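# Report on the structure
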Amino acid sequence: MASKAFIDSVYSVIKRIPKGKVTTYGQIAYMIQHPKNARLVGNVLKHTDRTLNLPCHRVVNSAGRTVPGWPEQITLLQQEQVPFKKNGCVDLKQIFLARLEMLLKLY
């Protein structure tokens, strides 16, 4: 179970992911000083109250795979012109929101 401080940190990063960009669970964990807790970031997002209207759809795994069983994620990303590879994964080389870029927007 994640602490409130951990959850708030995850939400703080998620809120700042701009339209048309994506990041990964691991990158978020790294940005909030918990580099070994990518799975916990995923668990936080899985249990996020949808009424918070956070752009959770902009987070994918390290291979660019979207959440299984959530086809709306792909639709939302396509609406934002996020590029996909032929294998169905997000093309992270083109669209990945790097840590430095994110940190500059945080502060």
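Further up the page is the structure itself.
Attention here is on the structure that accompanies the text. Keep in mind that what you see is a predicted model, and the values were worked out from it rather than measured.

Tallying secondary structure elements over the protein gives six helices and two strands in all. The order of α-helices and β-strands along the protein, N terminus first, is α-β-α-α-β-α-α-α. Looking at the protein alone, contacts between residues at least 24 apart form 61% of all its contacts between residues at least 6 apart. Accessible surface computed for the protein: about 6,700 Å², of which carbon and sulfur atoms make up 53%.

In this structure, Phe6, Val10, Ile14, Ile28, Val41, Leu45 and Val59 are the most contacted members of the largest nonpolar core, which totals 18 residues. Taken together, the elements giving at least two residues each to this core come down to α1 (4-15), α2 (25-31) and α3 (38-46). Here this core takes five residues from α1, the largest share from any one element. Apart from residues no more than four positions distant in its own chain, Leu45 is found in contact with Val10, Ile14, Tyr25, Arg50, Cys56 and Val59. In terms of nonpolar packing, the next biggest core, distinct from the first, is built from seven residues, Val60, Val82, Val90 and Ile95 among them.

For α3, the full list of buried residues reads Val41, Gly42, Val44 and Leu45. One side of α3 carries all its buried residues, which in axial view fall inside an arc of 160°. Among the exposed residues of α3, those oriented more than 90 degrees off its buried face are Arg39 and Lys46.

Our focus in this paragraph is the side chain of Thr24. Relative to the elements of secondary structure, Thr24 occurs in strand β1 (residues 23-24). In this view, Thr24 contacts Val59, Val60, Asn61, Ser62, Leu92 and Phe96; residues no more than four positions away in its chain are not counted.

This part covers α1. An ideal rise of 1.5 Å per residue puts 16 Å on twelve residues; α1 measures up with 16 Å between its terminal C-alpha atoms. Burial in α1 covers these residues: Phe6, Val10, Tyr11, Val13 and Ile14. Buried positions in α1, seen along its axis, are confined to an arc of 160° and lie on one side of it. Opposite the buried face of α1, by more than 90 degrees, sit the exposed residues Lys4, Ala5 and Lys15.

Turning our eyes to something else, we now look at unusual backbone geometry. A positive phi angle, close to 55°, is found at Asn53, a residue other than glycine. If you trace the backbone, Asn53 turns up in the loop between α3 and β2 (59-60). In this structure, Gln81 takes a positive phi of about 65° despite not being glycine. Here Gln81 lies in the loop between α4 (71-79) and α5 (92-95). On the accessibility criterion, Gln81 (63% relative accessible area) is exposed.

What counts and how
Residues numbered from 1 in each chain as written. Predicted model: local features only at pLDDT ≥ 70, side-chain atom pairs only at ≥ 80, totals over all residues. Heavy atoms only, no water. Helix = DSSP H or I, 4+ residues; strand = E, 2+ residues; numbered from the N terminus. Contact = heavy atoms within 4.5 Å. Areas by Shrake-Rupley, 256 points an atom, 1.4 Å probe, with all protein chains shown as cover. Core = buried A, V, L, I, M, F, W, Y, C linked by side-chain atoms within 4.5 Å. Buried < 20%, exposed > 50% of the residue type's maximum accessible area, 1.4 Å probe, protein only. Arc of directions from axis to C-beta. Expected span 1.5 Å × (residues − 1).

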